[in-house]
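A look at the structure
Okay, here's what each chain looks like letter by letter:
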Amino acid sequence: MISRRRPILLLLLLAPVVAGQADDLPRLPEEDGATKTLRQKLEAIHAEAIVGGARLEETATYGSIDGADGAELERIHQILMLITTPESQKIAAIRVLTSFRRTESVYPLMLTMNDPAEDFRVRAEILERIGTFADDRAVIPLSNVLKGKEDRLHPAAARGLSAFGENSRAQRYFERLVLEADPSTRGWAARAVGWSGWRDGAPFLVAAAERERDPKALGRFLQGLADLKAADGVGLAVRALDHEVELTRAMAAEALGAYGAMAREKGLEPLLDRLERADESVGVRGTIATAIPRIAADSDDAARRLAQLMGSPPDEFDMSVKVGLRYMSSRWLVLHLIERMSDPKETERRRHGAWQVLRAITEQPFPAEPGPWREWWSAHGDGFNFPHGGGSN
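Calculation rules
- Residues numbered from 1 in each chain as written.
- Predicted model: local features only at pLDDT ≥ 70, side-chain atom pairs only at ≥ 80, totals over all residues.
- Heavy atoms only, no water.
- Helix = DSSP H or I, 4+ residues; strand = E, 2+ residues; numbered from the N terminus.
- Rg over C-alpha atoms; globule rule 2.2 N^0.38 Å.
- Areas by Shrake-Rupley, 256 points an atom, 1.4 Å probe, with all protein chains shown as cover.
- Lys, Arg positive; Asp, Glu negative; His and termini not counted.
- Charge placed at Lys NZ, Arg CZ, Asp CG, Glu CD.
- pLDDT = per-residue confidence, 0-100.
- Contact = heavy atoms within 4.5 Å.
- Core = buried A, V, L, I, M, F, W, Y, C linked by side-chain atoms within 4.5 Å.
- Buried < 20%, exposed > 50% of the residue type's maximum accessible area, 1.4 Å probe, protein only.
- Salt bridge = Lys/Arg side-chain N within 4 Å of Asp/Glu carboxyl O.
- Patch = residues over 30% accessible without salt bridge, like charges linked within 9 Å, V, L, I, M, F, W, Y side chains within 5 Å.
- Axes fitted to C-alpha atoms, helices over the stretch in contact; angles between N-to-C directions.
- Left-handed = near helix turned anticlockwise from the far one by under 90°.
- Nonpolar A, V, L, I, M, F, W, Y, C, P; charged D, E, K, R; others polar.
- Phe/Tyr/Trp six-rings, centres within 6.5 Å; stacked < 30°, edge-to-face > 60°.
- Lys NZ or Arg CZ within 6 Å of the ring centre and 35° of its normal.

The next point concerns the overall build of the protein. Helix and strand counts for the protein come out as 21 helices and zero strands. Over its C-alpha atoms the protein spans a radius of gyration of 27 Å, topping by over 25% the 21 Å that the globule rule assigns to 393 residues. Across its three principal axes, the protein shows a C-alpha extent of roughly 90 × 50 × 40 Å. Total accessible area on the protein is roughly 18600 Å²; 51% of this is exposed by carbon and sulfur atoms. Considering the protein, the positive charge centre built from 52 side chains and the negative charge centre built from 58 side chains are found 2 Å apart.

See below:
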């Protein structure tokens, strides 16, 4: 039987305890040995899988929990729903339950998810993972959280809803949520549609994006359309590169990068033009630098324009340019970097940067001297396959 036990606990916490009254207060029943052992296992799973980063199913402790045992499953439910259970055990319990995917777990997970007294991190963990059960009883609670006042839960609720892209009930809610009054709800609903892969949702996302006035929500609409690879969204993202709000411009650049080659015809030149604008923010220019190789890794012109900016201050922008160059696959760029290493007119910073990028592009171990690089490229350049992409224009 499922019980939250919260009224008893609130009484314990709030009732005045004075001499002679303590023995009269209600107490939680003593846990049995099996429950105590299970708590220890959940702590071990938290340490191994969540803190340590191991795959849950590969931990020794996970294999010792019997998901087919109804009594064991009920103990996990009770541990999860008890308000005094440590967060570490609850997070581990959620991971275990979602890996078992037993239908009986959906209801206790939803009870915990909807409890406003529950820890934010526990609720967010359930919101993100409850979609793995493919049980559409979760659609309405997830939608309610997404249109609720707790904005910090909206991203997790969107992730959860995205598991229901092929569900007709969820699709109806998607169409309503992108029209809600709260811009956070609208924006995260758009991301949910994108993550869901529901391509038939693209037309109403485009229509809503064209009406959107909130800068952050607009950016999320653009990213949702990019996730769907909706062709009509490319033009919207290009237009948003001129938006008055910096965050929207950065999100538009991210969206164009997510389109990949689809954005090359309409998006590459506007991105490069904005990259070269000294009056643009470092954040937007850095985002563009890392988006370009996703769109046109083999473009010699894009590689040239990126390379001209290598070594530019501040350091975070220089790093973004180097990251972008690392994922280019231009043969012109390889030769250019080799020559830059030996150019006495270049600063030491730029010569060293050229060597760093050259090693990253080619995954070759040569030192920062042009001779070995020229010899290697002369022998292998024509047939070289770039580890991160295609060839030259």
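Moving on from the coordinates now.
Before going further, it helps to spend a moment on the confidence of the model for the protein. Here the protein averages 91 in pLDDT, while 91% of its residues score no lower than 70. Of the regions scoring below 50 in pLDDT, residues 3-22 engages in 33 contacts with residues more than four places distant in sequence or in other chains.

What follows deals with the nonpolar core. Judged by nonpolar contacts, the single largest core of 111 residues is most densely connected at Ile130, Leu205, Leu225, Leu256, Leu275 and Ile292. Residues within four places of leucine 256 in sequence aside, it is in contact with Val234, Ala237, Val238, Leu241, Ala263, Leu271 and Ile295.

By the element assignment, valine 178 lies in the loop between α9 (168-177) and α10 (183-196). By relative accessible area, which is 3% here, valine 178 ends up buried. For the pair valine 178 and leucine 142, spaced 36 residues apart in sequence, the C-alpha separation works out to 14 Å. Residues within four places of valine 178 in sequence aside, it is in contact with Arg186, Ala189, Ala190, Phe204, Leu205, Ala208 and Phe221.

Here we come to the pattern of salt bridges. Taken as a whole and assessed by the stated rule, the structure comprises 31 salt bridges. The partner of aspartate 135 in a salt bridge is arginine 137, with the nearest N and O atoms 2.8 Å apart. Classification of aspartate 135 as buried rests on a relative accessible area of 14%. On the basis of relative accessibility, which here comes to 39%, the residue arginine 137 falls in the partly exposed class. In this structure, aspartate 318 and arginine 349 form a salt bridge, with 3.3 Å as the shortest nitrogen-oxygen distance. Taken as a pair, aspartate 318 in helix α18 (residues 315-326) and arginine 349 in helix α20 (residues 348-362) lie far apart in primary sequence, 31 residues in all. With relative accessibility at 5%, the residue aspartate 318 sits in the buried group. Linked through salt bridges whose partners overlap, the residues forming this network are Glu269, Asp273, Glu276, Asp301, Arg304 and Arg305.

Positive charge collects at one region of the surface, where Lys147, Arg169, Arg172 and Arg176 lie side by side. Looking at where lysine 147 falls in the secondary structure, it is placed in the loop between α7 (139-146) and α8 (154-161). The class for lysine 147 is partly exposed, based on a relative accessible area of 39%.

With that settled, the discussion passes to the packing of α18 against α20. Orientation of α18 relative to α20, taken along the N-to-C sense of each, is 35°, at an axis distance of 9 Å. α18 and α20 meet at a crossing whose hand is right-handed. Residues Asp315, Asp318, Lys322, Leu325 and Arg326 of α18 pack against Arg349, Gly353, Gln356, Val357, Ala360 and Ile361 of α20. When grouped by side-chain class, the residues that make up the contact of α18 with α20 number four nonpolar, two polar and five charged.

With that out of the way, let us pick up the packing of aromatic side chains. Applying the stated criterion across every chain yields a total of eleven aromatic pairs. Residues phenylalanine 366 and tryptophan 376 carry aromatic rings whose centres are separated by 6.1 Å and whose planes lie at 50° to one another, so their mutual orientation is tilted. Here tryptophan 376 lies in helix α21 (residues 370-380) and phenylalanine 366 lies in the loop between α20 and α21, a separation of ten residues in the sequence. Classification of phenylalanine 366 as partly exposed rests on a relative accessible area of 21%. On the basis of an interplanar angle of 65° and a centroid distance of 5.9 Å, the ring pair of tryptophan 377 and phenylalanine 384 is categorised as edge-to-face. A residue is classified by how much of its surface remains accessible, and tryptophan 377, at 10% relative accessible area, is buried. Phenylalanine 384 sits in the buried class, given a relative accessible area of 11%. Each residue in the set Phe366, Trp373, Trp376, Trp377, Phe384 and Phe386 is aromatic and connected to the rest through ring pairs, giving one cluster. The ring of tryptophan 195 carries the charged tip of arginine 159 above its face, separated from the ring centre by 3.6 Å.

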